[in-house]
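Structural characterization, general
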Amino acid sequence: MADLKDSIHATTEKLTSDLKKMTMYKTFYEDLQKLVSKSAVKNTNFKNTLLEAMKMNGMENELRNTIFQWVRSHKNPAATREPLIYLRKSQATWQKRIHKSLNSMASEIKIHLAQSRVLSDKEEMNDKWNELSIYDVDLSQYRPVYAPKDFLEVLLAIRSPNYKCPNVMKLQWDFIQLPLMVKTFKELRNFYSEISRGDLLLGNNPNMKSENPNYPTLLAERTALGEKVLETNHAPVTQEYLKKGCPRSLRATMWVQVLGVEVKENEKLYFQYLKNVVLQHDLMVDKLIIKDVQLTASNDHQYFVFEDVLYQVMLCFSRDAEVLCIFSHSSAQPVHGVLRGKPPTIENTVIYPPNGIIPFHGFTMYATPFCYLYDDPVQLYYVFRAFYTRYWFRLHEVSSHPQGILSLCILFERLLHRLDNELWCHIKTSGVQPIRLTFKWIMRAFSGHLSPEQVLYLWDLILAYDSLEILPIMAVTIVGLRKVSLIRVKDLAGFEAVLADLSSITVMPLLQMVLVSKHLDSLIRLPKDTTKTGSLIEPKTKKDGKK
């Protein structure tokens, strides 16, 4: 009992200390002082009247939401750094390889990693800031530093020095050399209980009838409930609401509440500051970002119209030093470089790029779906940044974290073996590692693979359950859905051809079918048009057997 009290006391002290360092603290404290001076707060009953005044003023919810965000980011405070030495070494080796590739390209092209923009270039970029797609820059000699398949090769080559397995096991499992703990299928069904127990979910069928006689459809019911949830402005309630799907009209505000993103005057000024830094300094990663937008979003008929805003967001993101906060609980470390022409001292050492992230092929796709939610580039930027620092950075680093890309790959492998051993054996006996078929989906969180609307439904679930484990579940589900065609081919090219087009995939009904039925074979028996529309779950029956 004493240990529990000490733990609570230590957590409270840590929370109090961190609150004082937050940007909201000064404004909140000033508002609280003004509130205390009002007549609503009585000296005779100071505590209760102050709490009531805070509740009426909305300050109680603001404080609750701030604490909620703090707790979410401190779920496992004891393991803030990567505990496994061999994974830290693997990440360090991978980073050296990235840096070497970056420096080699710079030497080959004969450009500097960073330099001040000449006045004419600065003026041109400023004039074309809202139309950067017409900004003239030669990208012919630039190439992506690495692609998902390069990162996968690194992951598959990792070996635990303290773990040995029989040779026969090595033939069966791709990641047997990495004994990381992941959830079992039973644990996943319990974790995603709202899906696995067959509840009515928005995203199955837009015209699905509501169980509530006051609403004609489930969409109408969920919209009415969602509006009430937004009025509470309480992040935990909003997060819970997202578990059963979110109406398109409310999603943007819902995500802002759950992530705790507030775009006020200070945030607008900071975004303007980032823009000015972009105009002031020309970085080599700018070309890599522009090249990546052109190779991905600009070539995608669903995202090409957002090309200009993506340039703004991604260029500013590369200058944002606040992103460096991820390295306090990451296995990675930002690149450090010495200023050109300066002696190699600590004072002359800087982080490159300022946010510490080297973009890779497909990096822009982490931001593209947000373009469907937010018209304002500033708000889009802060929501994207919140998502990245909470989730996306784990998808491209070597880590033993349960939400890291390694754990997600292992989870995919074990789920496929558990849910459809026949398909698993067919892929393996064809000489193909199953993870090669789905790694790019998982690493990009399906952005650019599923239709934008379906990506947003999937990301609803990431926010709702605060977990990336839905990604390998979705990957296994899609592979199971294409089983009949996959069984007919026997090489990697054939498998990739079968899984190339995911435009007909609908997220919610397929996930629910697998988690309810507990087997992938149930997907094969679906009507051909079921992946497009309709619910895959039969209506619940009453005790007397009537529908």
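Rules behind the numbers
Residues numbered from 1 in each chain as written. Predicted model: local features only at pLDDT ≥ 70, side-chain atom pairs only at ≥ 80, totals over all residues. Heavy atoms only, no water. Helix = DSSP H or I, 4+ residues; strand = E, 2+ residues; numbered from the N terminus. Rg over C-alpha atoms; globule rule 2.2 N^0.38 Å. Buried < 20%, exposed > 50% of the residue type's maximum accessible area, 1.4 Å probe, protein only. Areas by Shrake-Rupley, 256 points an atom, 1.4 Å probe, with all protein chains shown as cover. Lys, Arg positive; Asp, Glu negative; His and termini not counted. Charge placed at Lys NZ, Arg CZ, Asp CG, Glu CD. Expected span 1.5 Å × (residues − 1). Phe/Tyr/Trp six-rings, centres within 6.5 Å; stacked < 30°, edge-to-face > 60°. Lys NZ or Arg CZ within 6 Å of the ring centre and 35° of its normal. Core = buried A, V, L, I, M, F, W, Y, C linked by side-chain atoms within 4.5 Å. Contact = heavy atoms within 4.5 Å. Axes fitted to C-alpha atoms, helices over the stretch in contact; angles between N-to-C directions. Parallel < 35°, antiparallel > 145°, perpendicular 65-115°, else oblique. Left-handed = near helix turned anticlockwise from the far one by under 90°. Nonpolar A, V, L, I, M, F, W, Y, C, P; charged D, E, K, R; others polar. Salt bridge = Lys/Arg side-chain N within 4 Å of Asp/Glu carboxyl O. Polar contact = N/O pair within 3.5 Å; in protein donor to acceptor, adjacent residues only side chain to side chain. Disulfide = S-S within 2.5 Å.

- The protein chain has the name Rab-GAP TBC domain-containing protein in an unreviewed UniProt entry, where Nezara viridula is given as its organism.

1. Structural notes on the overall build of the protein chain
- The number of helices and strands found in the protein chain is 26 helices and four strands.
- For 547 residues, the compact-globule formula gives about 24 Å, and the C-alpha radius of gyration of the protein chain, at 25 Å, lands near that figure.
- Principal axes of the C-alpha set define a box for the protein chain whose edges measure 75 × 65 × 55 Å.
- A buried classification covers 52% of the 547 residues belonging to the protein chain.
- Carbon and sulfur atoms form 53% of the exposed surface of the protein chain, whose accessible area is close to 27,000 Å².
- Of the charged side chains in the protein chain, 69 are positive and 58 negative, and the gap between their average positions amounts to 6 Å.

2. A word on the environment of Tyr146
- Inspection of the secondary structure puts Tyr146 in the loop between α6 (119-127) and α7 (148-156).
- Measuring from C-alpha to C-alpha, the distance between Tyr146 and Ile358 comes to 9.6 Å, with 212 residues separating the pair along the chain.

3. Overview of helix α4 (residues 59-72)
- In a regular helix each residue adds 1.5 Å, so 14 residues correspond to 20 Å; α4 covers 20 Å between its end C-alpha atoms and thus fits that length.
- Three or more residues of α4 are buried, namely Met59, Asn65, Thr66, Phe68, Gln69, Trp70 and Arg72.

4. Overview of the packing of aromatic side chains
- Tallying each qualifying case throughout the model produces 34 aromatic pairs.
- Their ring planes at 15 degrees and their centres at 5.6 Å tell us that Tyr366 and Trp392 sit as a pair that is stacked. Placement of Tyr366 in the loop between β4 (349-352) and α17 (377-390) and of Trp392 in the loop between α17 and α18 (405-419) is noted, with a sequence separation of 26 residues between them.
- The cationic tip of Arg222 hangs over the ring face of Tyr241; the distance from NZ or CZ to the ring centre is 4.0 Å.

5. Things to note about the nonpolar core
- Counting residues in each nonpolar core, the largest one holds 158 residues, and the members touching the most others are Trp255, Tyr388 and Trp392.
- Every residue in contact with Trp392, bar those within four places of it in the chain, is listed here: Tyr366, Phe370, Phe384, Phe387, Ala445, Trp459, Ile462 and Leu468.
- With nine residues, the next largest nonpolar core counts Met24, Leu32, Leu50 and Ala53 among its residues.

6. With respect to unusual backbone geometry
- With an omega of -15 degrees, the peptide bond between Tyr352 and Pro353 qualifies as cis.
- Take Pro353: it is sitting in the loop between β4 and α17.
- Within the chain, Asn233 stands out as a residue other than glycine whose phi angle is a positive 55 degrees.
- Structurally, Asn233 can be placed in the loop between α11 (218-232) and α12 (235-241).

7. Quick notes on α11
- For α11, spanning 15 residues, the distance from its first C-alpha to its last is 21 Å, which sits close to the expected 21 Å at 1.5 Å a residue.
- For α11, the set of buried residues is Leu218, Arg222, Thr223, Ala224, Gly226, Val229 and Leu230.
- Those residues of α11 that are buried are in contact with α12 and α13 (251-259).
- Among the residues trailing α11, Asn233 stands out with phi positive, at a value near 55 degrees.

8. Details of the packing of α18 against helix α22 (residues 470-481)
- At their nearest, the axes of α18 and α22 sit 9 Å apart, and the two run at 40 degrees to each other. Put simply, α18 runs oblique to α22. In this structure, the crossing between α18 and α22 has a hand that is right-handed. In this structure, α18 uses Leu408, Leu411, Phe412, Leu415, Leu416 and Leu419 to contact α22, whose residues at the interface are Pro472, Ile473, Ala475, Val476 and Val479.
- Here the contact of α18 with α22 is built from residues that sort into 11 nonpolar, no polar and no charged.

9. Things to note about the pattern of salt bridges
- Applying the stated rule across the entire model yields 20 salt bridges.
- Measuring nitrogen to oxygen at the nearest pair gives 3.0 Å for the salt bridge that ties Asp286 to Arg117. With Asp286 in helix α15 (residues 284-295) and Arg117 in the loop between β1 (114-116) and α6, the pair connects residues that are 169 residues apart, well separated along the chain. An identical accessibility class is assigned to Asp286 and Arg117; each is buried.
- For Arg319, the salt bridge is made with Asp286, and the minimal N-O distance between the two is 2.4 Å. Separated by 33 residues along the polypeptide, Arg319 in the loop between α16 (307-318) and β3 (335-338) and Asp286 in helix α15 bring together distant segments of the chain. The burial state of Arg319 is the same as that of Asp286; both residues are buried.

10. A word on the side chain of Thr477
- Structurally, the position occupied by Thr477 is in helix α22.
- Owing to a relative accessible area of 0%, Thr477 belongs among the buried residues under this scheme.
- In terms of polar contacts, Thr477 uses its side chain to reach the backbone carbonyl oxygen of Ile473, at 2.7 Å.
- Non-local contacts of Thr477, meaning those with residues more than four positions away in its chain, are made with Leu510, Leu511, Val514, Leu520 and Leu523.

11. Concerning the state of the cysteines
- Counting across every chain of the model gives zero disulfides.
- Looking at the unpaired Cys316, the closest cysteine sulfur is the one in Cys371, lying at 14 Å.
- In this structure Cys316 comes out as buried when scored by relative accessible area, which is 0%.
- Residue classification places Cys371 among the buried positions, given a relative accessible area of 6%.

12. Here we look at the side chain of Asp320
- Along the chain, Asp320 turns up in the loop between α16 and β3.
- Here the side chain of Asp320 touches Glu322 through a polar contact of 3.0 Å, landing on its backbone nitrogen.
- If sequence neighbours within four positions are ignored, Asp320 has contacts with Tyr270, Leu274, Pro354, Asn355, Tyr381 and Arg385.

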